Amino acid sequence: MDIQSVGVIGAGQMGNGIAHVMALAGYDVVLNDVNQQALDAAISQITKNLNRQVSRDKITQVEMDGAIKRIRVSLALPDVGQTDLVIEAATEREAVKQAIFEDLLPHLKPETILTSNTSSISITRLASRTDRPERFMGFHFMNPVPIMQLVELIRGIATDEETFAACKTVVERLDKTAACAEDFPAFIVNRILMPMINEAVYTLYEGVGNVESIDQSMKLGANHPMGPLELADFIGLDTCLAIMNVLHDGLADTKYRPCPLLTKYVEAGWLGRKSQRGFYDYRGEAPVATR
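Per-chain numbering applies: the sequence of each chain, read as written, is numbered from 1 onward. Per-residue local features are limited, in this predicted model, to residues with pLDDT of at least 70; the limit for side-chain atom pairs, both in listing and counting, is 80 or more; totals at the level of whole chains, interfaces and linings are taken over all residues. Side-chain descriptors were evaluated using all non-hydrogen atoms of the structure, hydrogens and water having been removed beforehand.

### Topic: the environment of Arg283
We count a stretch as a helix when DSSP gives it H or I for four or more residues in a row; a strand needs E for two or more, and each element gets its number in order from the N terminus. In this structure, Arg283 sits in the loop between strand S9 (280-281) and strand S10 (288-289). Each C-alpha atom, one on Arg283 and one on Arg273, is 9.4 Å from the other, the two residues being 10 residues apart in sequence. What makes two residues a contact is simply this: any of their non-hydrogen atoms within 4.5 Å. Beyond its immediate sequence surroundings of up to four residues, Arg283 is in contact with Gln276 and Arg277. At 2.6 Å, the side chain of Arg283 forms a polar contact with the side chain of Asp281. Throughout this description, a polar contact denotes any pair of N or O atoms lying within 3.5 Å of each other; where both atoms belong to protein, one of them has to be capable of donating a hydrogen while the other can accept it, and for residues adjacent in sequence the pair is counted only when both atoms sit in side chains.

Listed below in structure tokens is the structure:
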């Protein structure tokens, strides 16, 4: 399979990062969203991130200009269907992802590969709602996409070898590293990472330490670049909660029960950096712990 064009569905933090690296690697990209403002914001963010790479001599101005020219934005889902590889990067809710794939199916080329950037949801189950489960797999990028080197590749029960090989070739062209994960809830990275974050929230909930002491302890005591609560804010508390619910429901083990405090923050709309409040308040000049 010779992949030349990539459709990215969802222009949020993950979608614009995926479009960025794909265009920089020479792929023609169609970036799709239901909201024109989201598309405008995505192009602005991609341009800003590319400029930063130029200023740090990571890429040349010519490479940046070429990447920008290769990205086309569209509100029309049929435009995405004409690409060779589709990467769905919508919100981490299974019903939303299923609806996107069902709406996309009539517009797909017969040879198009479908993938999802889901960080936890069953690939086999998503694939079963399409007409090509053998050409469907998980393509999970890490955040922020332009910086992080790992991509998890997850085969569903029906994914064929040709599809897997084509996606692995794309990862190599991006100069990233593929980790092959089995189709179990949350795969590898989030199966390990999210329970740690959830336990940090329990540590806060039970009064073992405050936000700053928990994050400082893990940064200085375990050499983590970010504290777990700071990282949760960066990921999005709604995403963290969604992944913990997938783990809890999919594995039926009480050790994956989401902390009630995490649920409360999400119910309050305190989702982290994207809403300006989470375990830290980002509305001032410097982040301030909320507990």
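### Concerning helix H10 (residues 228-235)
Taking burial as the measure, the eight residues of H10 include six buried ones, the bulk of the element. Only protein chains enter the accessibility calculation, which uses a 1.4 Å probe. A residue is then buried if its area is under 20% of the maximum for its type, exposed if over 50%, and partly exposed in between. Among the residues of H10, those classed as buried are Pro228, Leu229, Glu230, Leu231, Ala232 and Asp233. Summarising the contacts, the buried residues of H10 are in contact with helix H8 (189-205), helix H9 (211-221), helix H11 (237-251) and S9. In the stretch just after H10, Gly236 is the one whose phi turns positive, near 115°.

### Quick look at helix H7 (residues 161-173)
A rise of 1.5 Å per residue sets the reference length of H7, with its 13 residues, at 18 Å; its end C-alpha atoms lie 18 Å apart and thus fit the reference within 8%. The complete set of buried residues in H7 reads Thr163, Phe164, Ala166, Cys167, Val170 and Val171. With its buried residues spanning 165° around the axis, H7 presents them on a single face. For H7, the elements touching its buried residues are helix H1 (13-24), strand S4 (85-88), strand S5 (113-116), strand S6 (136-141), strand S7 (150-155) and strand S8 (177-181). Looking one or two places after H7, you find Asp175, whose phi comes out positive at around 65°. Each helix should span, by expectation, one fewer than its residue count multiplied by 1.5 Å. Throughout, the arc means that of the directions going from the helix axis to the C-beta atoms.

### Details of the side chain of Lys97
Topologically, Lys97 is positioned in helix H5 (residues 94-104). Accessibility expressed as a relative area gives 0% for Lys97, which makes it buried. When neighbours within four sequence positions are excluded, Lys97 is seen to be in contact with Glu88, Ala90, Thr91, Glu92, Ser116, Thr118, Ile121 and Leu126.

### Points about the pairing of S5
With burial as the criterion, each face of S5 is covered, one bearing Ile113 and Thr115 and the other bearing Leu114 and Ser116. Strands are labelled as partners when DSSP assigns at least two bridges between them. Examined bridge by bridge, S4 and S5 share four bridges and lie parallel to one another. Paired with Leu85 across the two strands is Ile113, which belongs to S5. Between the parallel elements S4 and S5, the chain passes through H5 in a crossover that is right-handed. A clockwise path from the first strand over the helix to the second, with the strands pointing away from the viewer, defines a right-handed crossover.

Honestly, that's just the spatial picture; any functional story needs more than this.
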